[in-house]
Amino acid sequence: MSFWVTEAANGYGQTIEVTRELCVRQSKFQKIEVYETRKLGKLLMLDGIIQFTSFDEFAYQEMMAHLPYYAHGNPDKILVIGGGDGGVLRELARHKEPTVLDLCDIDAEVIRTAKEFLPEMSCGFDDPRVTIYIEDGSKFIKSRPGYYDLIIVDSTDPGGPGAPLFGAEFYADMKRALRPGGVIGTQAESPWLLPDVVKSLVDAARSNFRYVDYAAISVPTYPTGMIACCVASDDRILTEPAVLPDEEMLEVFRYYNAETHRAAFAKPQFVRQILGF
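Figured I'd write up the structure that's included with this text.

Rules used throughout
Residues numbered from 1 in each chain as written. Predicted model: local features only at pLDDT ≥ 70, side-chain atom pairs only at ≥ 80, totals over all residues. Heavy atoms only, no water. Helix = DSSP H or I, 4+ residues; strand = E, 2+ residues; numbered from the N terminus. Rg over C-alpha atoms; globule rule 2.2 N^0.38 Å. Buried < 20%, exposed > 50% of the residue type's maximum accessible area, 1.4 Å probe, protein only. Contact = heavy atoms within 4.5 Å. Areas by Shrake-Rupley, 256 points an atom, 1.4 Å probe, with all protein chains shown as cover. Lys, Arg positive; Asp, Glu negative; His and termini not counted. Charge placed at Lys NZ, Arg CZ, Asp CG, Glu CD. Pairing = 2+ DSSP bridges. Axes fitted to C-alpha atoms, helices over the stretch in contact; angles between N-to-C directions. Polar contact = N/O pair within 3.5 Å; in protein donor to acceptor, adjacent residues only side chain to side chain. Core = buried A, V, L, I, M, F, W, Y, C linked by side-chain atoms within 4.5 Å. Phe/Tyr/Trp six-rings, centres within 6.5 Å; stacked < 30°, edge-to-face > 60°.

1. Observations concerning the overall build of the protein chain
Across its full length, the protein chain holds 10 helices and 12 strands. The C-alpha radius of gyration of the protein chain comes to 17 Å, within 12% of the 19 Å expected for a compact globule of 277 residues. Its C-alpha atoms put the protein chain at 55 × 45 × 40 Å along the principal axes. Residue burial in the protein chain is summarised as follows: out of 277 residues, 57% are buried. Pairs at least 24 apart in sequence give 66% of the contacts found in the protein chain among residues at least 6 apart. For the protein chain, the exposed surface amounts to about 11,500 Å²; the carbon and sulfur share of it is 51%. Charge separation in the protein chain, taken as the distance between the mean sites of 28 positive and 40 negative side-chain charges, equals 2 Å.

2. Comments concerning the sheet that holds strand β1 (residues 3–9)
One open sheet holds the five strands; their spatial order is β1-β2-β3-β4-β5, and the pairing between them is antiparallel. Strands with a single pairing partner mark the edges of an open sheet, and in this sheet they are β1 and β5 (49–53). For this sheet, the mean inter-axis angle between neighbouring strands, taken without regard to orientation, is 45 degrees. The pairing of strand β2 (residues 12–26) with strand β3 (residues 31–37) spans seven bridges and is classified as antiparallel. Residue pairing in the sheet places Cys23 in a bridge with Val34 of β3.

3. Some remarks on the sheet that holds strand β7 (residues 100–105)
Read from one edge of the open sheet, seven strands run β8-β7-β6-β9-β10-β12-β11, paired in mixed fashion. On the outer flanks of this sheet lie β8 (130–134) and β11 (211–218), each paired with one strand and no other. Going from strand to strand, the sheet's axes swing by 15 degrees on average, the running direction of each strand aside. Two strands pair when backbone bridges link them, and strand β10 (residues 178–187) and strand β12 (residues 226–233) are joined in this way by five bridges, in the antiparallel orientation. Of the residues in β12, the one forming a bridge with Gln187 is Cys229.

4. Side note on the environment of Gln51
Mapped onto the fold, Gln51 is located in strand β5. For Gln51, a relative accessible area of 15% puts it in the buried group. Put simply, Gln51 and Ser155 are 104 residues apart on the chain and 9.8 Å apart in space, counted from C-alpha to C-alpha. When sequence neighbours within four positions are dropped, the list of residues in contact with Gln51 reads Leu44, Met45, Leu46, Thr156 and Tyr222. In terms of polar contacts, Gln51 uses its side chain to reach the backbone carbonyl oxygen of Ile49, at 3.0 Å.

5. What to know about the nonpolar core
Where a protein is soluble and globular, its nonpolar side chains tend to be buried together. Formed by 44 residues in total, the largest nonpolar core has its most connected members in Leu43, Leu67 and Leu92. The residues contacting Leu43, other than those within four sequence positions of it, are Val5, Ile16, Val18, Glu33, Val34, Tyr35, Thr37, Ile50, Phe52 and Thr53. Of all hydrophobic cores here, the second largest spans 31 residues; its members include Ile81, Phe140, Phe209 and Val271.

6. Details of the pairing of β12
Where burial is concerned, most of β12 is hidden: eight out of the eight residues are buried. Taking every second residue as pointing to the same face, both faces of β12 are buried, with Met226, Ala228, Cys230 and Ala232 on one and Ile227, Cys229, Val231 and Ser233 on the other.

7. Some points on unusual backbone geometry
One non-glycine residue, Glu189, adopts positive backbone phi at about 60 degrees. Relative to the helices and strands, Glu189 is located in the loop between β10 and α7 (195–206). According to the relative accessible area criterion, Glu189 is buried, its value standing at 5%. Look at Thr224: it is not a glycine, yet its phi comes out positive at around 75 degrees. With respect to the secondary-structure elements, Thr224 resides in the loop between β11 and β12.

8. Some points on the side chain of Arg144
Mapping Arg144 onto the fold places it in the loop between α5 (137–140) and β9 (148–154). A polar side-chain atom of Arg144 sits 3.5 Å from a polar atom in the side chain of Tyr133.

9. Some details on the packing of aromatic side chains
Scanning the entire structure with this criterion turns up 10 aromatic pairs. Arranged with centres 6.5 Å apart and planes meeting at 80 degrees, the rings of Tyr70 and Phe253 form a pair that is edge-to-face. Of the two residues, Tyr70 is situated in helix α1 (residues 57–72) and Phe253 in the loop between α8 (247–252) and α9 (258–263); the sequence distance between them amounts to 183 residues. Owing to a relative accessible area of 4%, Tyr70 belongs among the buried residues under this scheme. Overall, Phe253 belongs to the buried group, its relative accessible area being 7%. Plain terms: the ring middles of Tyr133 and Phe140 are 4.8 Å apart, the flat faces sit at 40 degrees to each other, and that makes the pair tilted. Among the residues examined, Phe140 registers a relative accessible area of 1% and is labelled buried. Taken together, Tyr69, Tyr70, Phe253 and Tyr256 form an aromatic cluster joined through their ring pairs.

Below is the structure:
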């Protein structure tokens, strides 16, 4: 028999019909739930918040990975903070050029759950360039000065274990961890649902980096149907790809291309007002 699960937070709710419970477990940090749904494939929730469905996860994973990747153009050493489901790592592993793909997640149980129940997401962990660190990302980053070309923060919402990843100190630490020409991309919430968080996050980036911008991503099964990526660098404008994906990559991608890269930075007036752009 089917039943329904609901994400209810920030005065807003979204309900999805599920046909089977695959996993419900409590880690040291959060409740982890994996379900099979009637319409949307698999569903992962952390502390009751939707992290992805199979139906549209490619939109988030591709934009979070490839938008900052192509904004940089040729990153060699890459770090993912968070992202324990493996989706962003899966996308980055499509690129042959990087030599280092590090992932730092505070919760080993999320990674274990992904490997057990979400092989379509966790396949990126199998890449030989990958090293996994089970640590607090806000502390780990302090130990890597001048090391990375690209840092991607695939965090949970600010109320959970990802809370330290939303402040100005963390952005300053990321800046110190970058090599010259480095780029960061961070999960930047929805301006419809959390405008104050969005403004605070972008302000934290702008207090540390010369070039900062905010790119929208359409993800229907996230509340309000939208989330965003904040990108920042001291050395390059980010709204234009530094290099273009080749035809082989475009055959694989389902969301990202050069046009969606540029278009993601077009902002409705209310978003401009939130950000002060």
